[in-house]
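Here is what each chain is made of, one letter per residue.
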Amino acid sequence: MIRTVATKPYPDQKPGTSGLRKKVPVFQQEHYAENFIQSIFDALEGFKGRALVIGGDGRFYNREVIQKAIAMAAANGFGKVMVGQGGILSTPAASHVIRKYQTFGGIILSASHNPGGPHEDFGIKYNAGNGGPAPEKLTDAIFEKTKAISSFKIADIGPIDIDKIGTVKAGGMTVEIIDPVADYAELMESLFDFDAIRANFKYGFRMRFDAMHAVTGPYAKEILERRLGAPNGTCRNFKPLPDFGGHHPDPNLVHAKHLYDEMMGPDAPDFGAASDGDGDRNLIIGKGIFVTPSDSVAMLAANAHLAPGYKEGLKGIARSMPTSGAADRVAEKLGIGIFETPTGWKFFGNLLDAGMATICGEESAGTGSNHVREKDGLWAVLLWLNILAVRGESAKQVVTEHWATYGRNYYSRHDYEEVETERANALVDELRAKLGSLPGTSVRGMTIASADDFAYHDPVDGSVSKNQGIRVLFEGGSRVVLRLSGTGTSGATIRVYIERYEPDKSRHDLDTQVALADLIAAADDIAGIKSHTGRNKPSVIT
Ligand code: VG1
Ligand code: CO
C-alpha cells in the first residue's frame, strides 16, 4: 500500500517566522506540499509508531493537505494521527493536544492572519513534542532536506472521513478524529475563575467577540456562550470559512475596524475582542479604550495572580525585542526575570520549558503562557475577563491605573507592505552599514545612544541568532526598531516599531501618533524609508 514517489526539489521552501507560507497556487504545484511534509519527516528522528497531531485553521486547501499529511504519516511509519474534526484545530489547541497526549509532534496547516482563498495564502508548520514551533535548528534542517529531496512516501488509502469523530484504521495506522474544542475548553476552565466571569455576565457585563470567520469561532461559542453564559450573539462571525468571508483574519485596528468603531461608540459593550486565522493572536479593546498588545502583556502579567492558574505568581516574563518595555517595568516590580527574544514564538520555547518564564508576549498581538507552547488568543481574552471580574473594574480603569503606576510606553508599528524586495534589502543594507556611526549623533533634537542589529543568545541552549532587527536607541529610552517581515508571501514588508516612555501621568492621554511624531520623522531621517520605498505613508499603522 505504500508508494515511493519520485520528486524534484523546490528551491523556495525555507520556513519563515512561523512555518512555510506561500500563495495557494504555489502549494498546488505538483508535489509541493508533499515535498515539504516529507522534508519535515526526514528531519525528524524516532517517530516510528508514535502519534502525530494534524489540524488547521480551516482555510482553503486545508482539507486536501490534511488528507495528504495523513497518508504520508502512515507511509512514514507513524503509529497514529490525531486529527481535529473537520480539519480544525486552532494553533494553541493543537499545542495543547500535543502536550496532553504526549504525541511526537504536530503539523498545523495555517497562514495565520494572512487572507485565505484560491489565490490567497496557505501555510504548513511543524510543532515539536513540547507543543511549540520547531526551533531554528529544526527549521534549518527541514530547509536543507527540501533542497535535496528526491522522493516521498505516501500510503494508498482512500480519503479519510475527517468530519466524523471516532477512530479508524488506515494504512496500518490509527486515525483518531477528535473534538477540536473539548480538551482546550477544559484547559481554560482549569486556569481561570469561570465562576467569577460567569457571575459578571449574569449581572450584565456585555462583551463582543469577533472570530473573523476564522478558527476560534467554535472555541469562543463553547467557552464564552455555553460555559460562561454570555448571551447568545456575543460571538460574531463565528463560522470558520475557507476564505474568512473575503477578509483578512487579522485582529488589528485596520481589519477589525468595525469592532474598534463599535467599542468607541455611544452604546459600546464593556469589552471587545477578536482573534486571528489560527487563533493565536488577540485584539483587546475596552469600552472607549484600545489596549496595545505590548501594554496588554504587561497588564496581564501584573494581574495574573488574580486567576487561579497563576495564583502562585510568575517565574519570569519574556517579550520579543520589538515589543515595548512596558512588561520590563512589571517584571522589575515583581522581582522576576525579564527576557528579550527575537520575533517569533519559537524563541520562547526554551524559556518556558526551563521554567524561566511564565508569560510571554509579542507586539503583534500574541500573548501566552506556559499552559501551552504557542501564543493563545482566547487565553488572553479569558485572562482579561478574569481580571475584570475579580477587580470589578472596567478595562479603562485597569489601563489608566497601570499607566499611573508604571508610566506609559507610547507604542506604534508602521508596516510598509509589498515593497519590492530589492528596494527593501537596499534600505536594510544601507542602514546596517551606518549603524556604527550613529551613536552620539542627533536627529530631530534627540541624541542616539546606541544602534545595533539585535542578536539573541539563548540562555538555555546557548544558540545564537543574529540579524534579528535593527535597533536605534535614543537617550532617555525612546527607540526605533526596523526589521523585515518573515511571514509575507509577496514582496517584502518593512516593519518599523516606535516607542517612547512617558512617566508623567498628566501626559498619558495623548494621541499615540502625535506622541510619537518626532520619532516617526527621525526613523525616516535615519533609514530613508520614503526615498527607498517610494511610499509617503505606511500601508498599516497599528
Ligand atoms: C509576524 C509577527 C510576529 C509573529 C509572527 C507569526 O512575523 O511580527 O511577532 O510571531 O507574525 O504570527 P513577521 O516576521 O511577519 O514580523 V502568526 O499569528 O501570523 O502565526
Ligand atoms: Co496566528
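Remember, predicted model here, so these are calculated numbers, not experimental data.

Rules used in this analysis
Residues numbered from 1 in each chain as written. Chains lettered and ligands numbered in written order. Predicted model: local features only at pLDDT ≥ 70, side-chain atom pairs only at ≥ 80, totals over all residues. Heavy atoms only, no water. Helix = DSSP H or I, 4+ residues; strand = E, 2+ residues; numbered from the N terminus. Rg over C-alpha atoms; globule rule 2.2 N^0.38 Å. Buried < 20%, exposed > 50% of the residue type's maximum accessible area, 1.4 Å probe, protein only. Areas by Shrake-Rupley, 256 points an atom, 1.4 Å probe, with all protein chains shown as cover. Lys, Arg positive; Asp, Glu negative; His and termini not counted. Charge placed at Lys NZ, Arg CZ, Asp CG, Glu CD. Salt bridge = Lys/Arg side-chain N within 4 Å of Asp/Glu carboxyl O. Polar contact = N/O pair within 3.5 Å; in protein donor to acceptor, adjacent residues only side chain to side chain. Contact = heavy atoms within 4.5 Å. UniProt positions renumbered as here; feature names shortened; annotations may be inferred. Pairing = 2+ DSSP bridges. Axes fitted to C-alpha atoms, helices over the stretch in contact; angles between N-to-C directions. Near = heavy atom within 4 Å. Phe/Tyr/Trp six-rings, centres within 6.5 Å; stacked < 30°, edge-to-face > 60°. Lys NZ or Arg CZ within 6 Å of the ring centre and 35° of its normal.

Engineer: I tried to follow the overall build of the protein on my own but got confused; where do I start?
Structural biologist: From N to C terminus, the protein includes 18 helices and 27 strands. The C-alpha radius of gyration of the protein comes to 23 Å, within 12% of the 24 Å expected for a compact globule of 542 residues. Considering only C-alpha atoms, the protein reaches an extent of 70 × 60 × 40 Å along its principal axes. The burial tally for the protein puts 59% of its 542 residues in the buried class. As presented, the protein carries roughly 20,300 Å² of accessible surface, and 49% of it is formed by carbon and sulfur atoms. One finds the centroid of the 60 positive side-chain charges in the protein at a distance of 2 Å from the centroid of its 66 negative side-chain charges.

Engineer: How do you make sense of the side chain of R21 when you look at a structure like this?
Structural biologist: Along the polypeptide, R21 turns up in strand 2 (residues 20-23). Despite its burial, R21 remains without a salt bridge, the nearest opposite charge being carried by D278 at 5.6 Å. Of note is the side chain of R21, whose polar atom sits 3.5 Å from the side chain of S18. Contacts of R21, omitting those with residues within four sequence positions, involve F27, S110, A111, S112, H113, N114, F122, G123, T487 and T489.

Engineer: Could you clarify how one ought to interpret the UniProt feature "domain: Alpha-D-phosphohexomutase alpha/beta/alpha" (unreviewed entry) in the protein in this entry?
Structural biologist: Under the UniProt annotation, the feature "domain: Alpha-D-phosphohexomutase alpha/beta/alpha" (unreviewed entry) is placed at residues 13-150, 183-285 and 294-406. When the span residues 13-150 is considered, its composition is 39% helix and 22% strand, and the gap between its end C-alpha atoms is 14 Å. Secondary structure across residues 294-406 divides into 45% helix and 16% strand, with the first and last C-alpha atoms of the span separated by 13 Å.

Engineer: What should I look at first to understand the sheet that holds strand 12 (residues 271-275) in this one?
Structural biologist: Hydrogen bonds between backbone groups are what pair the strands of a sheet, and the pairing can be parallel or antiparallel. Pairing within the open sheet is mixed, and its five strands lie in the order 11-10-12-13-14. Strands at the two margins of the open sheet, each flanked by one partner only, are strand 11 (235-236) and strand 14 (289-291). Of the pairings in the sheet, the one linking strand 10 (residues 207-210) to strand 11 comprises two bridges and is parallel in character. Counted as the bridge partner of D210 is R236 from strand 11. Sheet strands in contact with helix 14 (residues 395-406) are strand 13 (282-286) and strand 14, and its direction is about 60° off that of strand 14.

Engineer: Could you clarify how one ought to interpret the site of ligand 1 in this entry?
Structural biologist: Near ligand 1 lie 20 residues; those nearest to it are T17, S112, H113, G486 and T487. Within the contact set of ligand 1, an oxygen atom lies 2.6 Å away from a side-chain nitrogen or oxygen of S112. K375 places a side-chain nitrogen or oxygen 2.8 Å from an oxygen atom of ligand 1.

Engineer: So what exactly am I meant to see when it comes to the packing of aromatic side chains here?
Structural biologist: For any pair of aromatic rings, the description rests on two quantities: the centre-to-centre distance and the angle between the ring planes. Per the counting criterion, the structure on display carries 16 aromatic pairs. What links up through ring pairs into an aromatic cluster is the set Y10, F27, Y32, Y61 and F122. The positively charged end of R329 is found above the aromatic ring belonging to Y501, 3.4 Å away from the centroid. Seen from the ring of W403, R408 lies directly overhead, with NZ or CZ sitting 3.9 Å from the centre.

Engineer: Looking at this model, I keep getting lost on the pattern of salt bridges. Mind explaining?
Structural biologist: Proximity of charged atoms lets side chains of opposite charge pair with each other. This structure, assessed with the given rule, holds 41 salt bridges. Notably, a salt bridge pairs D267 with R206, separated by 3.7 Å at the nearest N-O pair. One end of the pair, D267, is in the loop between helix 9 (257-264) and strand 12; the other, R206, is in the loop between helix 7 (194-202) and strand 10, with 61 residues separating them in the sequence. Accessibility expressed as a relative area gives 37% for R206, which makes it partly exposed. Linking E222 and R226 is a salt bridge whose minimum nitrogen-to-oxygen distance equals 3.2 Å.

Engineer: I tried to follow the sheet that holds strand 4 (residues 80-88) on my own but got confused; where do I start?
Structural biologist: One open sheet accounts for seven strands, arranged 2-6-5-3-4-9-8; its pairing is mixed. Strands at the two margins of the open sheet, each flanked by one partner only, are strand 2 and strand 8 (166-170). Each neighbouring strand pair of the sheet contributes to a mean axis angle of 20°, computed without reference to strand direction. In terms of strand pairing, strand 2 meets strand 6 (residues 121-127) through four bridges, oriented antiparallel. The residue of strand 6 that forms the bridge with K23 is D121.

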